[in-house]
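Inside the fold
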Amino acid sequence: MDCIAHRGFPGVNPENTVAAVADAASRADAVEVDVRICGSGELVVCHDETVDRTTDGSGPVSAHTAEELAALSVEGSDQGVPTFEEVVEAIPDGVTLYAELKERGTGEAVERVAADADSEVVVSSFDSEALTEVEALPTALVQWESEGLVSRARELGCSAVAPNLDACDASLVERAHGVGLDVTAWTVTDPEETERLREAGADGAITDFPDCCPS
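A few points on the structure. Numbers given to residues run from 1 along each chain, matching the order in which its sequence is written. Given that this is a predicted model, residues contribute local features only at a pLDDT of at least 70 and side-chain atom pairs are listed and counted only at 80 or more, while totals for whole chains, interfaces and linings are drawn from all residues. Calculated side-chain values reflect all of the structure's heavy atoms, with hydrogen atoms and water omitted.

Moving on, we get to the state of the cysteines. Here, the term disulfide refers to a pair of cysteine sulfur atoms separated by no more than 2.5 Å. Taken as a whole and judged by the stated rule, the model has one disulfide. The disulfide that involves Cys3 links it to Cys213, with 1.9 Å between the sulfurs. Of this pair, Cys3 sits in strand 1 (residues 2-6) while Cys213 sits in the segment after strand 9 (204-207), and the two are 210 residues apart along the sequence. Just as Cys3 is buried, Cys213 falls in that class too. The cysteine Cys38 is free of any disulfide, with Cys46 supplying the nearest cysteine sulfur at 11 Å. Judged by its relative accessible area of 5%, Cys38 falls in the buried class. Just so you know, Cys168 is unpaired, no disulfide at all, and the nearest cysteine sulfur is the one on Cys3, 15 Å from it. Labels follow the DSSP assignment, with helices taken as runs of H or I lasting at least four residues and strands as runs of E lasting at least two, numbered in each case from the N terminus. Buried residues are those whose accessible area, probed at 1.4 Å on protein chains only, stays under 20% of the maximum for their type, while exposed residues exceed 50% and partly exposed ones sit between those limits.

Written out as structure tokens, the structure is:
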């Protein structure tokens, strides 16, 4: 079962930063980040619609240029909000990058940047419409619940599903595997949850902490 570093292990790193991604890539099978469009048009990596929670700045990501976002301090660190291109460059060959689309209109640009990546890139999203923008990369449908997840992912041509941890059980994994879909569940914060996913047959644990990685 793969260890997927959610936002670059925010339990020990400033989330969604280049430093977090580089650290996570040194000890995980894959790294997951969140992708948005900033005010100057570049793809940037930030989970929330605003920078208020994670930085010393305020306001929507869409109201800041990439340069302005880079100058902010993420969670009191010396790291700013990076561009998606900077994150891609920090992922070494052999480590998969999961790019979660947080808004529509980002899929094609993600594919363009990913074309130069050394690593495999998988695009994920809660928004099925956002996933339809992706043509050349493998995709994963993210949902809180298991109901309709497998059938919708098949309709979209996905290669994986990503249910919430509480919705991931052996029944869901069996249905997904039966139609050729991998299963990666989020968000693991305790080693016991990792073991529960292993027992269910999941393919990956998306976790905030390196200590929760499958051994």
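Centres within 6.5 Å make a pair out of two Phe, Tyr or Trp rings, where for Trp the six-membered ring is used; the pair is then stacked when the planes are under 30 degrees apart, edge-to-face when over 60, and tilted otherwise. If you walk through the whole model with that rule in mind, you get two aromatic pairs. Considering the side-chain rings of Phe126 and Trp186, the 5.6 Å spacing of their centres and the 80 degrees angle between planes classify their relative orientation as edge-to-face. Of this pair, Phe126 sits in the loop between strand 5 (121-125) and helix 5 (128-131) while Trp186 sits in strand 8 (residues 182-188), and the two are 60 residues apart along the sequence. Using a relative accessible area of 11% as the deciding quantity, one classes Trp186 as buried. Seen in terms of ring centroids, Trp144 and Trp186 are 4.8 Å apart; in terms of plane orientation they differ by 75 degrees. Their pairing is edge-to-face. With Trp144 in the loop between strand 6 (139-143) and helix 6 (149-156) and Trp186 in strand 8, the pair connects residues that are 42 residues apart, well separated along the chain. In textbook terms, an aromatic cluster arises when at least three aromatic residues are bridged by ring pairs, as seen for Phe126, Trp144 and Trp186.

With respect to burial, strand 8 is a largely interior element, five of its seven residues being buried. One ladder, built from two bridges, connects strand 7 (residues 160-163) with strand 8; its direction is parallel. Counterpart to Val161 in the pairing with strand 8 is Val183. Crossover handedness is defined by viewing with both strands directed away from the observer: a clockwise path from the first strand over the helix to the second marks the crossover as right-handed. Running through helix 7 (residues 170-178), the crossover from strand 7 to the neighbouring parallel element strand 8 is right-handed. If DSSP finds at least two bridges between two strands, the strands pair.

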